There are 2 protein chains.
Amino acid sequence: MRPAALDWSVENCTIARAMAVLGERWTLVVLREVFNGVRRFDDMRVRTGIPRQVLTSRLAALVAQGVLRRVPYQEPGSRVRHEYRLTDKGLDLWPVLVAVLGWGDRYLADPEGSPLSVGHRGCDAEVRVTLRCAEGHEVNRPRDVLPRPGPGARRRTD
Amino acid sequence: MRPAALDWSVENCTIARAMAVLGERWTLVVLREVFNGVRRFDDMRVRTGIPRQVLTSRLAALVAQGVLRRVPYQEPGSRVRHEYRLTDKGLDLWPVLVAVLGWGDRYLADPEGSPLSVGHRGCDAEVRVTLRCAEGHEVNRPRDVLPRPGPGARRRTD
DNA sequence: GTTGCTGAGTCTGTCAATCAGACCTAGCCT
DNA sequence: AGGCTAGGTCTGATTGACAGACTCAGCAAC
């Protein structure tokens, strides 16, 4: 029983391309910090425990990718420094982060529960990731999710 | 202006724990394959281009984490071999994968679009990740998503 | 002028992981 | 016996992560 997917190329796969940006232990941890309002180098470093060199390298990569931008700030009595803020491209990673949080909460949390919650501005209710289809149905079971070739799909040539 | 998050520990953070499992370039690519029905070692290897040793190591880690399980199969004329199937824990990573796909499609796809689409069983409409709150509102803007300490949150001690 | 401070890096040496390429194993077949 | 093939393992080179130390550059105070 040969899976249909084998006939299709993964050369232009956007998951693989996204994971080339995100697929590393610390990147989403850095983004968690920025989403939480922690935007300065040393605050991030102390909070996350990431070695300086790795943090420098990650931040530079995220800036180069257009996920973060550097914004000058100056405390009284200090020189100009830079903090890191999300671009629109970066902000659009919220669903990824909430999805990872949901999975982590379900399978990896301590008995007292998650240390991080995400609320909805205005009503304050807990925000979660859901899967919905264009017809408006809520998709609750993984078995109702069916992968298929998309508009950019190409046949395999190897 | 000091972010409130600085007062809270990240020691038991479930995002960081999830990324300790997932936060590596190839893991989600492997999961993409399994979600697409490609479950055998050599098929995955050829499709993804992952070196054998890395693929072996990744698969073993995912089995150890309870995300995948090894299931024996036997083609006529061959010995028993194993393929890799998702556990419930693994199936629950669909929202993560669809979220990553959505971001990748938006920012990293070629002009002709995504090579992978996700349909809803029954109605066939495109499936997407959305953010919803417990009150039933759809949360469309990143600015309406507010992080806050969760039930397991602990004060910082350092 | 000097000295001290501190956030944000850079440097060095060690260790670990990735990678390419080659080799090995184990049931099946002839 | 040899051949096949899926699923590994091995070796050596390369690259990245990491710990710890060091550097730099504006500000302040003296």
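Now for a quick tour of the structure.

**Things to note about the nonpolar core**
Phase 1: Ranked by internal contacts, the top residues of the largest apolar core, which has 92 residues, are Leu31 and Trp103 of chain A together with Leu31 and Trp103 of chain B.
Phase 2: Non-local contacts of Leu31 of chain A, meaning those with residues more than four positions away in its chain, are made with Leu22, Leu62, Val67, Leu68, Leu86, Leu93 and Leu97 of chain A.

**Description of the interface of chain B and chain A**
Phase 1: In this complex, chain B contributes 92 residues to the contact, which on the side of chain A involves 92 residues.
Phase 2: Carbon and sulfur atoms supply 63% of the area that chain B and chain A bury against each other, a total of about 8900 Å² over both sides.
Phase 3: Linking chain B with chain A are 14 salt bridges.
Phase 4: Between Arg154 of chain A and Glu112 of chain B there is a salt bridge, with its nearest N and O atoms 3.0 Å apart.
Phase 5: One can count 41 residue pairs in polar contact (both at pLDDT 80 or more) joining chain B with chain A.
Phase 6: Only helix H1 (14-22), helix H2 (27-35), helix H3 (41-48), helix H5 (88-91), helix H6 (94-108), strand E3 (116-120), strand E4 (127-133) and strand E5 (145-149) of chain B provide two or more residues apiece to the side of chain B that touches chain A.
Phase 7: The element that contributes the greatest number of residues to the side of chain B that touches chain A is H6 of chain B, accounting for 14 residues.
Phase 8: Among the residues making up the side of chain B that touches chain A, the classes are represented as 50 nonpolar, 15 polar and 27 charged.
Phase 9: Relative to E5 of chain B, strand E3 (residues 116-120) of chain A runs antiparallel, the two being bridged by five bridges. Its bridge partner being in E5 of chain B, His120 of chain A is matched across the sheet by Val145 of chain B.

**Comments concerning the side chain of Arg47 of chain B**
Phase 1: Its location among the elements puts Arg47 of chain B in helix H3.
Phase 2: Within polar-contact distance, the side chain of Arg47 of chain B engages the backbone oxygen of Trp8 of chain A at 2.7 Å.
Phase 3: The contacts of Arg47 of chain B, once residues within four sequence positions are left out, are Ala5, Leu6, Trp8, Val10 and Arg156 of chain A together with Glu33, Asn36 and Val38 of chain B.

**What to know about the relation of the copies chain B and chain A**
Phase 1: Between the two copies, chain B and chain A, the superposition gives an RMSD of 0.0 Å; the rotation angle is 180 degrees and the shift along the axis is 0.0 Å. This pairing of chains is accounted for by a two-fold axis. Using C-alpha coordinates, one finds that chain B approaches the rotation axis most closely at Glu24 of chain B, a distance of 2.1 Å.
Phase 2: When you check the interface residues of chain B against chain A, 100% turn up at the interface there too, and the contact is symmetric in its surfaces.

**Describing the protein's contact with DNA strand C**
Phase 1: Neighbouring residues of DNA strand C: 20 residues in total, closest Asp42, Arg52, Gln53 and Arg79 of chain A together with Arg58 of chain B.
Phase 2: Near-protein atoms of DNA strand C (within 4 Å) split between backbone and bases, with sugar and phosphate holding 68%.
Phase 3: For DNA strand C, a base nitrogen lies 2.4 Å from a polar atom in the side chain of Arg79 of chain A.
Phase 4: In the model, a base nitrogen of DNA strand C is placed 3.5 Å from a nitrogen or oxygen of the Gln53 of chain B side chain.
Phase 5: Contributing elements (two or more residues each) for the surface near DNA strand C: helix H3 (41-48), helix H4 (52-64), strand E1 (68-74) and strand E2 (80-86) of chain A together with helix H4 (52-64) of chain B.

**Focus on the protein's contact with DNA strand D**
Phase 1: In the vicinity of DNA strand D lie 21 residues, with Trp26 and Arg58 of chain A together with Phe41, Arg52 and Gln53 of chain B positioned nearest.
Phase 2: Among the atoms of DNA strand D lying within 4 Å of the protein, the sugar-phosphate backbone contributes 72%.
Phase 3: Side-chain polar atom of Arg79 of chain A to a base nitrogen of DNA strand D: 3.0 Å apart, as the coordinates give it.
Phase 4: Elements represented by at least two residues in the surface near DNA strand D include exactly H4 of chain A together with H3, H4, strand E1 (68-74) and strand E2 (80-86) of chain B.

About the cut-offs
Residues numbered from 1 in each chain as written. Chains lettered and ligands numbered in written order. Predicted model: local features only at pLDDT ≥ 70, side-chain atom pairs only at ≥ 80, totals over all residues. Heavy atoms only, no water. Core = buried A, V, L, I, M, F, W, Y, C linked by side-chain atoms within 4.5 Å. Buried < 20%, exposed > 50% of the residue type's maximum accessible area, 1.4 Å probe, protein only. Contact = heavy atoms within 4.5 Å. Buried area = accessible area lost by both parts, 1.4 Å probe. Salt bridge = Lys/Arg side-chain N within 4 Å of Asp/Glu carboxyl O. Polar contact = N/O pair within 3.5 Å; in protein donor to acceptor, adjacent residues only side chain to side chain. Helix = DSSP H or I, 4+ residues; strand = E, 2+ residues; numbered from the N terminus. Nonpolar A, V, L, I, M, F, W, Y, C, P; charged D, E, K, R; others polar. Pairing = 2+ DSSP bridges. Least-squares fit on C-alpha atoms with pLDDT ≥ 70 in both. Near = heavy atom within 4 Å.

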